[in-house]
Amino acid sequence: FTLSVRSAHDPLFTALALTRGSMSFGWTQAEEDVFGIVLIIIGVVLCFQPMRAICLGYWKQRRGPREISNGRYPGAGDTSPWNNISPKSWHSRQKDPHPETL
């Protein structure tokens, strides 16, 4: 037979009251880490399509719709205008003037 004497201000009683007697204080550190990684993966997957649309819009604005075929980025196929550019002229290539401004 064991007898324990405890104060009314004992943290054990506070913990029992807060957890309604279960003494479960939530997820472990490992569970929270896994949940965080899952949320990051879901966020990346959900952001992929808007970022693709933004990048495609940027390429259309920068290079013009004539250089993008079938919704692909420049350089995606054999008909790409990038195939006619030598590596030396990549940085020095000027954008063709718009026909209406001539």
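All values derive from a computational prediction rather than experimental measurement. (Residues numbered from 1 in each chain as written. Predicted model: local features only at pLDDT ≥ 70, side-chain atom pairs only at ≥ 80, totals over all residues. Heavy atoms only, no water.)

1. A look at the side chain of Thr-19
For step 1, the next point in the chain: Here Thr-19 is to be found in the loop between helix H1 (11-18) and helix H2 (29-63).
For step 2, the next point in the chain: Within the structure, Thr-19 has its side chain in polar contact with the backbone oxygen of Ala-15 (distance 2.8 Å).
For step 3, the next point in the chain: Among residues more than four places away in sequence, those in contact with Thr-19 are Ser-24 and Phe-25. (Helix = DSSP H or I, 4+ residues; strand = E, 2+ residues; numbered from the N terminus. Polar contact = N/O pair within 3.5 Å; in protein donor to acceptor, adjacent residues only side chain to side chain. Contact = heavy atoms within 4.5 Å.)

2. Topic: a nonpolar patch on the surface
For step 1, the next point in the chain: Taken together, the side chains of Trp-27, Val-34, Phe-35, Val-38, Leu-39, Ile-42 and Leu-46 define a hydrophobic patch exposed on the protein surface, amounting to about 700 Å² of accessible area.
For step 2, the next point in the chain: Looking at the element boundaries, Trp-27 is found in the loop between H1 and H2.
For step 3, the next point in the chain: In this structure Trp-27 comes out as exposed when scored by relative accessible area, which is 52%. (Patch = residues over 30% accessible without salt bridge, like charges linked within 9 Å, V, L, I, M, F, W, Y side chains within 5 Å. Areas by Shrake-Rupley, 256 points an atom, 1.4 Å probe, with all protein chains shown as cover. Salt bridge = Lys/Arg side-chain N within 4 Å of Asp/Glu carboxyl O. Buried < 20%, exposed > 50% of the residue type's maximum accessible area, 1.4 Å probe, protein only.)

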